[in-house]
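# Structural description and commentary
So the chains spell out like this:
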Protein chains: 2
Amino acid sequence: MTEPSKESTKASNQFSTEEKIKEAARRVFHQKGFAGTTTRDIAREAGMNLALLNYYFRGKKKLFEIIMLETVQGFIQSIKHYLNDQDTSIQQKVEILVENYIDLLQREPNIPVFILSEVRNDPSYLIEQVGLREAILGSHFVKQLMEFGDKTGRKMANPLHFLINLLGMTVFPFITKPLLSGVWGMDEKQFKALMDERRILIPRAMKAILEGNAMLAPS
Amino acid sequence: MTEPSKESTKASNQFSTEEKIKEAARRVFHQKGFAGTTTRDIAREAGMNLALLNYYFRGKKKLFEIIMLETVQGFIQSIKHYLNDQDTSIQQKVEILVENYIDLLQREPNIPVFILSEVRNDPSYLIEQVGLREAILGSHFVKQLMEFGDKTGRKMANPLHFLINLLGMTVFPFITKPLLSGVWGMDEKQFKALMDERRILIPRAMKAILEGNAMLAPS
DNA sequence: ATTTGATTTAATCAAATGATTGAACTATCC
DNA sequence: GGATAGTTCAATCATTTGATTAAATCAAAT
């Protein structure tokens, strides 16, 4: 009946039971979502007894919340630093963001659908826990985007438009990967090649959008 | 023990029990997904007895498949015709697609996450049933995109890139609507205004991408 | 009014699922 | 070796959930 300690003897091994369960949970949750995952799925995937899941994580919900938090944090953290670099241009930040996210999503392509389908209705607890608002709104990147608008005669439309375009072009293909693969008849290798092309094409497209003044406020 | 007929007396009313259940199922499935929905959820939403669902639709799975098929077909059908118009330019088709999809998604914003989260792994049965491949690959729009590439000296990169950009910019904001609303502090009205701005901005952006030759094959 | 087929309801079943229990096992310390 | 804290397992519980059943109700035809 005692609590498992974070620093127990076995837990300090590289692949402790606790970590194995967490990794299994990450894989299964990412693939099938909270409602679509059973605790027995996770236990089987981890090669462990069902009771261990409850012993270490006190239930499915708690385990899920840990996975969700770590997943979102990983997604934000991977670019947060670069977006606040005072010495890089908008274009450079675009290139870095595209590179980082395509790298991340080629490793873990299920993350976007996982986050978005679980957040469908109430994302409030995530926004608070992760500090999503500050990470984006307060970033140097957003400041640069708003300044860019001022340089031309007209104002820039909500910088949100620029972010949506950028993230949409980068993340959307991973979200629709099964459909793309199916419709276009692509295998893993071809999809990777497509996304590697986009590392070049997306920054080009964003440059064309900026330089074409396409994101200035509609008349 | 007899089968419910499609042309039964009651079913011919505008709001037959069968239709009420289907509409309820559509709302609940769209919002919570297959695994997250219980048959009792649907029955309650429809104000009906649980047994009726099984009487009319022979189970949760069957009902879901009907909803899924109709949803995807509605999504494709709404633009299929325009994409094959021989007399409109690429730019005009972009404008029409953006208008149509923003209209549709402002009415039913849950459709994209619904489709994408249910299709996560195996979209094959959808691709076959709906004729997704032919609707896209065989469209006049895709032909135009491939020709466009030939006009300049260089080849156009896979026209898929152009489609991803277009659909990403249009659909992505609806997918991330809860996050956008949360981070930016937007209410329904503000989000609608944002999407109405994008009716203008997205065609502009796609024009800038095309004219800036941003989608030509990477060196 | 009666019959007949279609529709609706309350009650129930069987399987799946999240969680718990108590015993067994292991490693570490004395 | 024995004590102690930590870990693992098989068995079981209580609830949820998809589905079924048998009876009741309704509507139209005769």
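Residue numbers here run from 1 along each chain, matching the order of that chain's written sequence. A letter from A marks each chain and a number from 1 marks each ligand, given out in the order of writing. Whole-chain, interface and lining totals are the exception, using all residues; otherwise, since this is a predicted model, local features are given only for residues with pLDDT of at least 70 and side-chain atom pairs are given and counted only at 80 or more. Derived side-chain values reflect all non-hydrogen atoms in the structure, with water molecules and hydrogen atoms excluded from consideration.

### Comments concerning the pattern of salt bridges
Two side chains with opposite charge may pair up if their charged atoms get near one another. Every case where a carboxyl oxygen of Asp or Glu lies within 4 Å of a side-chain nitrogen of Lys or Arg is listed as a salt bridge. Applying the stated rule across the entire model yields 22 salt bridges over all chains. A salt bridge links A:Glu23 to A:Arg26; the shortest N-O distance between them is 2.6 Å. Placement of both A:Glu23 and A:Arg26 in helix H1 (residues 17–32) is noted, with a separation of three residues, approximately one turn of the helix. Classification of residues uses two cut-offs on accessible area relative to the type maximum, computed with a 1.4 Å probe and protein chains only: under 20% is buried, over 50% is exposed, and between them is partly exposed. Given a relative accessible area of 15%, A:Arg26 falls into the buried group. A salt bridge links B:Arg199 to B:Glu99, with the nearest nitrogen and oxygen atoms 2.7 Å apart. Of this pair, B:Arg199 sits in helix H12 (residues 188–211) while B:Glu99 sits in helix H5 (residues 90–107), and the two are 100 residues apart along the sequence. The class of B:Glu99 is partly exposed, set by a relative accessible area of 32%. Secondary structure follows DSSP: runs of H or I at least 4 residues long count as helices, runs of E at least 2 residues long count as strands, and numbering of each begins at the N terminus.

### A look at the domain arrangement of chain A
Residue and element names in this part refer to chain A. By domain assignment, chain A separates into domain 1 (1–58) and domain 2 (65–215). An automatic or database domain assignment provides the domain bounds reported here. Distance between the C-alpha centres of domain 1 and domain 2: 31 Å. Contacts between domain 1 and domain 2 engage nine residues on the former and nine residues on the latter. Once two parts are joined, some of their accessible surface, as seen by a 1.4 Å probe, is lost; buried area is that loss totalled over both. Counting the surface lost from both domain 1 and domain 2, the interface buries some 790 Å², and carbon and sulfur atoms represent 60% of this. Whether two residues are in contact is decided by their heavy atoms, any of which lying within 4.5 Å being enough.

### Focus on the relation of the copies chain A and chain B
Aligned on chain B, chain A shows an RMSD of 0.1 Å; the corresponding rotation is 180° and the shift along the axis is 0.0 Å. Such values leave the two copies arranged in the relation of a two-fold axis. In terms of proximity to the rotation axis, the leading residue of chain A is A:Gly168, whose C-alpha is 2.3 Å off the axis. A share of 100% of the interface residues of chain A reappears at the interface of chain B, consistent with the copies meeting face to face through the same patch. Here the copies are matched by least squares. The fit uses the C-alpha atoms of residues with pLDDT of at least 70 in both.

### So, the environment of A:Lys192
All names here are of chain A. Checked against the element boundaries, Lys 192 lands in helix H12 (residues 188–211). Taking relative accessible area as the criterion, Lys 192 reaches 43% and is therefore assigned partly exposed. On a C-alpha basis, the gap between Lys 192 and Asp 41 in space is 29 Å, while along the polypeptide they are 151 residues apart.

### Regarding the interface of chain A and chain B
The partner chain B presents 59 residues to the 59 residues of chain A that form the contact. Interface area for chain A against chain B, summed over the two sides, is near 5200 Å², with a carbon-plus-sulfur share of 72%. Taken as a group, A:Arg120, A:Val183 and A:Trp184 account for 15% of the area that chain A buries against chain B, more than any other trio of residues on that side. The interface formed by chain A and chain B contains zero salt bridges. In the analysis that follows, any N or O atom pair within 3.5 Å is treated as a polar contact, provided that within protein one partner can donate a hydrogen and the other can accept it, and provided that, for residues neighboring in sequence, both atoms belong to side chains. Where chain A touches chain B, the interface holds 17 residue pairs in polar contact (both at pLDDT 80 or more). Those elements that provide at least two residues to the side of chain A that touches chain B are H1, helix H6 (111–119), helix H8 (132–137), helix H10 (159–175), helix H11 (177–184) and H12 of chain A. Looking at the side of chain A that touches chain B residue by residue, the classes come out as 38 nonpolar, 14 polar and seven charged. All residues other than Ala, Val, Leu, Ile, Met, Phe, Trp, Tyr, Cys, Pro, Asp, Glu, Lys and Arg, Gly among them, are scored as polar; the first ten of these are nonpolar and the last four charged.

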